[in-house]
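Single-letter residue listing:
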Amino acid sequence: MIGRPRSGPVLGVLVLLAWPLAGCGKKGPPLPPLRPVPARIATVEARVADGRVTLAFTVPDRNADGTTPAALARIEIYRVGIADEDVTTPAGQVVQPGQLRGTIDVRPAEGATPPATPPATPPPAGAPARPAGSAAPMPSPRPGDPATFSESMAPPDGTPAPFAWRYVVVGVTGRDRRGQASPVVTVPIGGAPAAPEDLSLSHDAQAWRLTWTAVEGRVYDVYDVTAGETPPARLTGTAVAGGTFSTPVQFGQRRCFVVRATARTGPVSIESPPTAAACATAEDRFPPAAPDRLIATVDGGVVSLDWTAVAAPDLAGYLVLRAAGVGETLRPLTTALVTGTTFKDPTVTPGVAYTYAVVAVDRASNQSAPSPRQTITVR
């Protein structure tokens, strides 16, 4: 289960600054073999949005001594609160001791034997249960998998500003044998940029296009909020500079998007409130290209037409147009669409000049411009 809370301060502040491994001493009698502990989680990134912080990291895939498989039963997340003139520096007044905020159970690697683990600690008294009918927890990660942990950023009541939380993440195996803690991630409260302005949404035949007023030096993330999921799907793998973003369009589907400005310092990203959602249903109003290289020939009183196929993913077929005489109005020769790139017209009269053109039609009934005309006299 991901994010199982545990109560009570369990470690002092120093655990957030270092989690030393066993040291070495003077020479002595042979020691029993060391029991492996998980390798250190080297990188932890934090995203702050809507009053919550989400930590993202990769579960260790080996032990601290480099051996595999990883002896890993769970990941523990600790935090400490600080208030100071500059919450981004190591100095600060501790307002809450190091506290275990949650755990992430880790499944053993494929083919590995699960490490022995103590019985799970029950949640604290009065902790809210998962509502009936709510979504089940995400499957526990395996070594080497990405993992996340999320919680509220609210500071303790009466805490002076500025305020920040500091987090570390550590792997645990066996009966509370811990590896070295991750680097400390300092997450300040406040300082979110303003939401982008003037968001607009349009589309062409290939893509949705979002535009907004960009601020120099700022980057932005785009989210799909069509389904109302929490958290919404982020479309920008990397935050984009400037005020434009495109994503593929599918006709007939309604899509909704929001944009957030992102302020990033080291591994911490703080996002602005979202813009108002921009929503639209994509309509296919875009005709295919006109057919090209129309050729007309006569053989035995029958006019044969041949043209180059149009490359359109939603092409439905072609209409053949004809006029009896030069300069006359072209009219459809048949009502049914031609699905190939050839057509034979036996309904001609010897001695009459006929002018032909071909039009491409897509599944939304959009018609292309006519192909170049071809005029031929039946002999």
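As the structure is a prediction and not an experimental result, all values here were calculated from the model.

**Considerations on the overall build of the chain**
So, point 1. Along the chain, the regular secondary structure elements total zero helices and 25 strands.
So, point 2. A buried classification covers 37% of the 379 residues belonging to the chain.
So, point 3. For the chain, the accessible area works out to roughly 20,700 Å², and carbon and sulfur atoms hold 55% of it.

**Describing the environment of R293**
So, point 1. Here R293 shows up in strand β19 (residues 292–299).
So, point 2. Among the residues examined, R293 registers a relative accessible area of 60% and is labelled exposed.
So, point 3. When residues no more than four places from it in sequence are discounted, the contact partners of R293 are D306, W307 and T308.

**Remarks on the sheet that holds strand β25 (residues 374–377)**
So, point 1. With antiparallel pairing, four strands are arranged side by side in an open sheet as β22-β21-β24-β25. At either end of the open sheet lies a strand with only one pairing partner, and these are β22 (331–332) and β25.
So, point 2. Relative to strand β24 (residues 353–362), strand β21 (residues 315–324) runs antiparallel, the two being bridged by nine bridges. When the bridges of β24 are listed, V320 appears paired with V358.

**Quick word on the side chain of R255**
So, point 1. Note on placement: R255 falls in strand β16 (residues 254–265).
So, point 2. In terms of polar contacts, R255 uses its side chain to reach the side chain of D224, at 2.8 Å.
So, point 3. Ignoring sequence-local partners within four residues, the contact set of R255 consists of L201, W208, D224, T226, L235, P248, A278, C279 and A280.

**Focus: the state of the cysteines**
So, point 1. Per the counting criterion, the structure on display carries one disulfide.
So, point 2. Across the disulfide, C256 is cross-linked to C279 (sulfur-sulfur distance 2.1 Å). Here the disulfide of C256 and C279 is right-handed, its torsion about the S-S bond being about 120 degrees. With C256 in strand β16 and C279 in strand β18 (residues 278–281), this pair connects stretches of sequence that are 23 residues apart.

**Overview of the pattern of salt bridges**
So, point 1. By the definition in use, this model includes 13 salt bridges.
So, point 2. Measuring nitrogen to oxygen at the nearest pair gives 3.0 Å for the salt bridge that ties E76 to R74.
So, point 3. Exposure remark for E76: the relative accessible area of 0% places this residue in the buried category.
So, point 4. In this structure R74 comes out as buried when scored by relative accessible area, which is 5%.
So, point 5. R79 is paired through a salt bridge with E151; the nearest N and O atoms lie 2.7 Å apart. One end of the pair, R79, is in strand β4 (residues 74–83); the other, E151, is in strand β6 (residues 146–152), and 72 residues separate them in sequence. Each member of the pair, R79 as well as E151, carries the same accessibility label: buried.
So, point 6. Within the structure, one salt-bridge network assembled from shared partners comprises R47, D50, R260 and E271.

**Points about the sheet that holds strand β11 (residues 207–213)**
So, point 1. The strand order across the open sheet formed by three strands is β10-β11-β15, and the pairing between neighbours is antiparallel. Where the open sheet ends on each side, the last strands, each with one partner, are β10 (197–203) and β15 (244–248). Between one strand and the next, the sheet's axes are offset by a mean angle of 15 degrees, whatever the strand orientation.
So, point 2. Looking at chain direction, β10 and β11 are connected through five bridges and run antiparallel. The partner of S200 across the bridge, within β11, is T211.

**Quick look at the packing of aromatic side chains**
So, point 1. Scanning the entire structure with this criterion turns up five aromatic pairs.
So, point 2. Taken together, a centroid distance of 5.5 Å and an interplanar angle of 70 degrees make the contact between W307 and Y318 edge-to-face. One end of the pair, W307, is in strand β20 (residues 302–308); the other, Y318, is in strand β21, with 11 residues separating them in the sequence. The exposure classification of W307 matches that of Y318, with both residues buried.
So, point 3. Lying over the aromatic face of W165, R79 brings its terminal NZ or CZ to 3.4 Å of the ring centre.
So, point 4. The ring centre of Y223 lies 5.8 Å from the NZ or CZ of R260, which sits over that ring.

**Things to note about the pairing of strand β9 (residues 185–188)**
So, point 1. Neither face of β9 is open: one carries V185 and V187, the other T186 and P188, and all of them are buried.
So, point 2. In the sheet, strand β7 (residues 163–173) pairs with β9 via four bridges, with the strands oriented antiparallel. Among the inter-strand pairings, Y167 is bridged to a residue of β9, identified as V185.

**Quick word on the nonpolar core**
So, point 1. With 26 residues, the main nonpolar core has V53, L55, F57, I75, I77, V169 and V187 as its most contacted residues.
So, point 2. At the level of secondary structure, the elements contributing two or more residues to this core comprise β2 (45–49), β3 (52–58), β4, β6, β7, β9 and β17 (268–271).
So, point 3. Considering each element in turn, this core owes the most residues, four residues, to β7.
So, point 4. The residues touching V187, leaving out its near neighbours within four places in the chain, are A46, V48, V53, M153, A164, W165, Y167 and V268.
So, point 5. Ranked by size, the runner-up nonpolar core spans 17 residues in total, among them L294, A296, L305 and W307.

Thresholds applied
Residues numbered from 1 in each chain as written. Predicted model: local features only at pLDDT ≥ 70, side-chain atom pairs only at ≥ 80, totals over all residues. Heavy atoms only, no water. Helix = DSSP H or I, 4+ residues; strand = E, 2+ residues; numbered from the N terminus. Buried < 20%, exposed > 50% of the residue type's maximum accessible area, 1.4 Å probe, protein only. Areas by Shrake-Rupley, 256 points an atom, 1.4 Å probe, with all protein chains shown as cover. Contact = heavy atoms within 4.5 Å. Pairing = 2+ DSSP bridges. Polar contact = N/O pair within 3.5 Å; in protein donor to acceptor, adjacent residues only side chain to side chain. Disulfide = S-S within 2.5 Å. Salt bridge = Lys/Arg side-chain N within 4 Å of Asp/Glu carboxyl O. Axes fitted to C-alpha atoms, helices over the stretch in contact; angles between N-to-C directions. Phe/Tyr/Trp six-rings, centres within 6.5 Å; stacked < 30°, edge-to-face > 60°. Lys NZ or Arg CZ within 6 Å of the ring centre and 35° of its normal. Core = buried A, V, L, I, M, F, W, Y, C linked by side-chain atoms within 4.5 Å.

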